[in-house]
Every structure is written in C-alpha cells, then in structure tokens.
Amino acid sequence: MLLSDIHAFFQQQIKQNLLTDFSQVSRDNPVIIFGFSFKIRKILRNQLSGSRCLTSSVTKKVVYETLLPLAGKVDTLVLGCTHYPLLRSIIQNVMGPDVKLIDSGAECVRDVSVLLNYFEINRSREEQTLQHRFYTTASAKSFAEIAEHWLGQKVSVEHIDL
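Calculation criteria
- Residues numbered from 1 in each chain as written.
- Predicted model: local features only at pLDDT ≥ 70, side-chain atom pairs only at ≥ 80, totals over all residues.
- Heavy atoms only, no water.
- Helix = DSSP H or I, 4+ residues; strand = E, 2+ residues; numbered from the N terminus.
- Buried < 20%, exposed > 50% of the residue type's maximum accessible area, 1.4 Å probe, protein only.
- Contact = heavy atoms within 4.5 Å.
- Areas by Shrake-Rupley, 256 points an atom, 1.4 Å probe, with all protein chains shown as cover.
- Expected span 1.5 Å × (residues − 1).
- Arc of directions from axis to C-beta.
- Core = buried A, V, L, I, M, F, W, Y, C linked by side-chain atoms within 4.5 Å.
- Pairing = 2+ DSSP bridges.
- Right-handed = clockwise from strand over helix to strand, strands pointing away.
- Phe/Tyr/Trp six-rings, centres within 6.5 Å; stacked < 30°, edge-to-face > 60°.
- Patch = residues over 30% accessible without salt bridge, like charges linked within 9 Å, V, L, I, M, F, W, Y side chains within 5 Å.
- Salt bridge = Lys/Arg side-chain N within 4 Å of Asp/Glu carboxyl O.

Participant: Hey, could you run me through the overall build of the protein chain in this one?
Facilitator: In terms of regular secondary structure, the protein chain is built from 6 helices and 4 strands. For the protein chain, the succession of helices and strands along the chain, N to C, is α-α-α-β-α-β-α-β-α-β. Within the span of the protein chain, comprising 162 residues, buried residues form 26% of the whole. Sequence separation of at least 24 residues holds for 55% of the intrachain contacts in the protein chain that already meet a minimum separation of 6. Of the roughly 11,900 Å² of accessible surface on the protein chain, 54% is carried by carbon and sulfur atoms.

Below, the structure is given as structure tokens:
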C-alpha cells in the first residue's frame, strides 16, 4: 500500500469514526461534510514556497469566501487534508475563536502510532542514526525547498511517477 493510500485509508476511517461519534453524542447537531474549493487546493499545492502564499491576499480571500457560509453554524471543523493545517490561523480567524479545529493528519499519526505500538512493530526509542528518504510526484526542487525550510537541514528528494 502506498503512503498516500495509507493516509487516505486512515482519513476515511477517521471521518467515519467522527461521523459515528458525533451522531451518537448529539442528534441536534448534524455533521456537515464540506470541502475546500479546487482553487484553494491549487493555491496550496502549486504556490506554496516557504510561507509566502499562506499570507497572500488571494489565499485569505479564497479561504474567507469558502468558509463564510459555515461561520457561526459549526462548533468544530475537521481539517481533512494535510495542507489545511498550513492555513490554520486564517481558517480560525474566519471561523472565530469558539470553533475547534481538528487536524486530521495529526489524528491519523496518533492512530497509526497506537497501532504500531499495539502490534509491537514500532521502532525502538533508543537513539539511532536515521536515513530519511523523500519522494514526490510533484516538483522535487519545490518539495526540497519547502522541506529544507521546515526541517532546517538539507534534504534529497526524488521525483517518482505513480
């Protein structure tokens, strides 16, 4: 199973668990499945370099226009894509301080960690020399720039076709 397939599988499981949990907790507050427009995904995937696009007026406008219909109508918003937490401050600003934002990527990592521990296939906590390998279906150069900015170290990235 590819990493993207694993991520999609766990996100689907998380979404199903959230729907089940929320529908049992409160029948008065329905769960709304809502996705960002293609426009915001394109901005995030194609223009993200460092943090420049995250503060652009175009990004803020698209997020505002997309989420405005939900403002004041939800108490919790699940960020269902790995890119959306990058917009957390803008999303929180649009939705208001009383709306709880849930990072589905972080929840996915937590669930995978629990499974790795349960099946005892997690790596030892002892200090080890790690070898990181980065692969992308997008631009290796752009990916490397972003990764190096975030990680603070040089990385080697290989482009692959799926």
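Participant: Explanation requested: helix H5 (residues 104-118) in the structure shown.
Facilitator: Note that an α-helix has 3.6 residues per turn; residues three or four places apart therefore point the same way. Spanning 15 residues, H5 covers 21 Å between terminal C-alpha atoms, matching the ideal 21 Å at 1.5 Å per step. Listing the buried residues of H5 in full gives Ser104, Gly105 and Cys108. Each buried residue of H5 sits inside an arc of 100 degrees when the element is viewed along its axis, so together they form one side. Exposed side chains of H5 directed beyond 90 degrees from the buried face belong to Val109 and Tyr118. A positive phi of about 55 degrees marks Glu120, the residue just after H5.

Participant: How should the nonpolar core be read in this particular structure?
Facilitator: Taken as a class, soluble globular proteins show a tendency for nonpolar side chains to be buried jointly. Counting 18 residues, the largest nonpolar core has Val63, Leu67, Leu77, Ile91 and Met95 as the members making the most contacts within it. For this core, the elements supplying multiple residues, two or more each, are helix H2 (38-47), helix H3 (57-67), strand S1 (76-79) and helix H4 (88-95). Ranked by residues supplied to this core, first place goes to H4 with 4 residues.

Participant: Please explain H4 as it appears in this structure.
Facilitator: Along H4, the residues classified as buried are Ile90, Ile91, Val94 and Met95. What you see down the axis of H4 is that its buried residues fit within an arc of 125 degrees, all on one side. Looking at H4, the residues exposed on the side facing more than 90 degrees away from the buried face are Ser89 and Asn93. The inward-facing, buried residues of H4 contact H3, S1 and strand S2 (100-103). Where H4 terminates, the next one or two residues include Gly96, which has phi positive at roughly 100 degrees.

Participant: In this structure, what is going on with the pairing of S2? I would like to understand it.
Facilitator: Regular strands place side chains that alternate from one sheet face to the opposite one. Here S1 runs beside S2; their pairing, made up of 4 bridges, is parallel. Each bridged residue has a counterpart across the sheet, and for Leu77 the counterpart in S2 is Leu101. Considered for its hand, the β-α-β crossover made up of S1, H4 and S2 is right-handed.

Participant: Would you mind showing me how to read the packing of aromatic side chains here?
Facilitator: The way to describe two aromatic rings as a pair is by their centre distance and the angle between their planes. The tally for this structure, following the rule as stated, stands at 2 aromatic pairs. Ring geometry for Tyr118 against Phe119: centres 4.9 Å apart, planes inclined by 85 degrees, an arrangement best described as edge-to-face. Considered together, Tyr118 and Phe119 belong to a single accessibility category, that of exposed residues.

Participant: In this structure, what is going on with a nonpolar patch on the surface? I would like to understand it.
Facilitator: A surface patch of nonpolar side chains, amounting to about 540 Å² of accessible area, comprises Leu115, Leu116, Tyr118, Phe119 and Ile121. Note that Leu115 resides in helix H5. The partly exposed category is assigned to Leu115, whose relative accessible area is 37%.

So far we have only geometry, and geometry alone does not tell us how the molecule works.
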